[in-house]
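Each chain, written out:
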Amino acid sequence: MNFPKLIANWKMNGSSKLVKEWLEEAQDKIPKDYQTKCLFCPPVCYISDASKLISRTDSDLLLGAQDIDAHSSKSLTGGISGSMLSDLGCTFVIIGHSERRINFKEKEIIIEKLKSALSSNINVIYCVGEDSSEKESGNTTKKIIDQLSVLKGLNPKNLMIAYEPIWAIGTGNNASSEYIRDVHSVIKNELENLLSSNTDIPIAYGGSIDTSNVETIVKTQYVDGLLIGGASLKAAEFSEIAKISLNF
Ligand code: 13P
């Protein structure tokens with residue numbers, strides 16, 4: 001599977017106009033052969049627009065969704081299934097983001113969402129991360145291992161992990177290189193335990209990445225990709241991050 005190196009998670013931001021401008025600028029500024037490594041995840045209401053623009057402009061950017069529903073065939077008002085996302089050209093979906101765990105109280109449903117995505121052949125970016133009190137009380141490893149446990153028994157072929165410490169999201173306070181390396185190493189070991197096959201599941205880092213820290217983060221051992229929120233909203237900044245990271 002061609003996993004992305006850079007993921008733009010727009011969260012609940014944007015408009016049709018901004019999506020169009022962003023895609024045109026990103027298509028222009030990100031080197032063509034690196035576009036296949038960049039995944040754009042707009043709000044679900046703009047995925048259709050984005051999909052059409054990507055094919056019309058002959059862009060190679062990948063398209064992803066920020067959420068998926070747990071059921072693929074059920075009477076579910078407001079539901080968005082994996083086959084619908086696939087139909088629009090989405091090849092990835094983000095599951096387990098801390099903002100959904102906290103604001104939508106997602107917990108047990110996460111495993112259903114994982115199964116739903118994988119059964120629709122949508123690749124999953126599964127997010128894990130500790131909050132500041134878990135970090136301060138030395139419980140980061142415990143939290144990560146607990147969040148990874150839902151992956152047991154799943155097919156690892158279509159999985160990517162994103163480590164996003166909650167205290168680093170949108171705070172301007174990114175985790176240090178050493179800290180990221182240590183947590184990613186815990187994730188790698190735990191994935192081997194859980195999935196009992198020699199899978200090389202990529203692990204992305206997310207949390208206050210910008211043009212000033214991306215080089216250090218992307219060079220960090222066990223960092224295979226970057227999940228970017230705020231700094232992905234402007235195409236110029238995202239493209240700059242792409243140019244810095246494409247050398248690593
Ligand atoms: P920021 O890059 O704004 O810290 O957001 C990270 C994130 O949550 C991406 O999913």
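Everything discussed here concerns the structure shown above.
Residues numbered from 1 in each chain as written. Predicted model: local features only at pLDDT ≥ 70, side-chain atom pairs only at ≥ 80, totals over all residues. Heavy atoms only, no water.

### Digging into unusual backbone geometry
Stage number 1. Look at Asn121: it is not a glycine, yet its phi comes out positive at around 60 degrees.
Stage number 2. For Asn121, the location among the structural elements is in the loop between helix 6 (109-119) and strand 5 (123-128).
Stage number 3. Among the residues examined, Asn121 registers a relative accessible area of 61% and is labelled exposed. (Helix = DSSP H or I, 4+ residues; strand = E, 2+ residues; numbered from the N terminus. Buried < 20%, exposed > 50% of the residue type's maximum accessible area, 1.4 Å probe, protein only.)

### Structural notes on the sheet that holds strand 3 (residues 62-65)
The strands that make up a sheet are held in pairs by hydrogen bonds between backbone atoms, and each pair lies either parallel or antiparallel.
Stage number 1. With parallel pairing, the eight strands of this closed barrel are ordered in space as 1-2-3-4-5-6-7-8. Averaged over all pairs of adjacent strands, the angle between strand axes in this sheet comes to 25 degrees, irrespective of strand direction.
Stage number 2. Where strand 1 (residues 6-9) and strand 8 (residues 225-228) come together, three bridges link them in parallel fashion. From the neighbouring strand, Leu6 faces strand 8, where its bridge partner is Leu226.
Stage number 3. Helix 11 (residues 235-245) contacts strand 1, strand 2 (38-41) and strand 8 of the sheet and is inclined by roughly 165 degrees relative to strand 1. (Pairing = 2+ DSSP bridges. Axes fitted to C-alpha atoms, helices over the stretch in contact; angles between N-to-C directions. Contact = heavy atoms within 4.5 Å.)

### Some points on the packing of helix 1 (residues 16-29) against helix 3 (residues 47-56)
Stage number 1. For the pair helix 1 and helix 3, the least separation of the axes is 10 Å and the interaxial angle reads 25 degrees. If you check the angle between helix 1 and helix 3, you find them roughly parallel. Helix 3 is crossed by helix 1, and the crossing has right-handed handedness. Taking contact as the criterion, the partners of Ser16, Val19, Lys20 and Leu23 in helix 1 are, on helix 3, Asp49, Ala50, Leu53 and Ile54.
Stage number 2. Within the contact of helix 1 with helix 3, the residues separate by chemical class into five nonpolar, one polar and two charged. (Parallel < 35°, antiparallel > 145°, perpendicular 65-115°, else oblique. Left-handed = near helix turned anticlockwise from the far one by under 90°. Nonpolar A, V, L, I, M, F, W, Y, C, P; charged D, E, K, R; others polar.)

### Concerning helix 1
Stage number 1. Given a rise of 1.5 Å per residue, 14 residues ought to cover 20 Å, and the 20 Å separating the end C-alpha atoms of helix 1 matches this to within 8%.
Stage number 2. Those residues of helix 1 not exposed but buried are Val19, Trp22, Leu23 and Ala26. End-on, the buried residues of helix 1 take up no more than an arc of 95 degrees, which puts them together on one face. Opposite its buried face, helix 1 presents the exposed residues Lys17 and Asp28, each directed more than 90 degrees away. (Expected span 1.5 Å × (residues − 1). Arc of directions from axis to C-beta.)

### Here we look at the site of the ligand
Stage number 1. Inspection of the region around the ligand gives 13 residues, with Lys11, Glu164, Gly170, Ser208 and Gly230 positioned closest.
Stage number 2. A distance of 2.7 Å is found between an oxygen atom of the ligand and a backbone nitrogen or oxygen belonging to Gly170.
Stage number 3. In this structure, an oxygen atom belonging to the ligand sits 2.8 Å away from a main-chain N or O atom of Ser208.
Stage number 4. Protein coverage of the free-state accessible area of the ligand, which is 300 Å², stands at 95%.
Stage number 5. Here the residues of the shell around the ligand sort into four nonpolar, seven polar and two charged. (Near = heavy atom within 4 Å. Polar contact = N/O pair within 3.5 Å; in protein donor to acceptor, adjacent residues only side chain to side chain. Areas by Shrake-Rupley, 256 points an atom, 1.4 Å probe, with all protein chains shown as cover.)

### Observations concerning the packing of aromatic side chains
Stage number 1. The full count for this structure, using the stated rule, is seven aromatic pairs.
Stage number 2. Ring geometry for Trp10 and Phe40: centres 5.0 Å apart, planes at 90 degrees, overall edge-to-face. Residue Trp10 is located in the loop between strand 1 and helix 1, and its partner Phe40 is located in strand 2; the two are separated by 30 residues in the primary sequence. Just as Trp10 is buried, Phe40 falls in that class too.
Stage number 3. Between Trp167 and Tyr179, the aromatic rings sit 5.6 Å apart at their centres with planes inclined by 75 degrees, giving edge-to-face as the arrangement. (Phe/Tyr/Trp six-rings, centres within 6.5 Å; stacked < 30°, edge-to-face > 60°.)

### Describing the environment of Ser15
Stage number 1. Examined against the element boundaries, Ser15 turns out to sit in the loop between strand 1 and helix 1.
Stage number 2. Through-space distance from the C-alpha of Ser15 to that of Pro42 is 9.4 Å; in sequence the pair is 27 residues apart.
Stage number 3. In this structure the side chain of Ser15 is engaged in a polar contact, spanning 3.1 Å, whose partner is the backbone nitrogen of Leu18.

### Some details on the pairing of strand 8
Stage number 1. With burial as the criterion, each face of strand 8 is covered, one bearing Gly225 and Leu227 and the other bearing Leu226 and Ile228.
Stage number 2. Pairing between strand 7 (residues 203-206) and strand 8: three bridges, direction parallel. Each residue of the ladder has a partner; that of Ala204, found in strand 8, is Gly225.

### Overview of helix 6
Stage number 1. Every buried residue belonging to helix 6 is among Ile110, Lys113, Leu114, Ser116, Ala117 and Leu118, and all of these are buried.
Stage number 2. Turning to helix 6, the residues buried within the fold contact strand 4 (92-95), helix 5 (98-103) and strand 5.
Stage number 3. Phi for Asn121, located one or two positions after helix 6, is positive at around 60 degrees.

### Things to note about the packing of helix 1 against helix 11
Helix-helix packing is described using two parameters, namely the angle between the two axes and the distance between the axes.
Stage number 1. Where helix 1 contacts helix 11, the axes come no closer than 9 Å and their chain directions differ by 30 degrees. On the basis of the axis angle, helix 1 is roughly parallel to helix 11. As for the relative orientation of helix 1 and helix 11, their crossing is right-handed in sense. For the pair helix 1 and helix 11, contact is made by Trp22, Glu25, Ala26 and Lys29 and by Ala235, Ala236, Phe238, Ser239 and Lys243, respectively.

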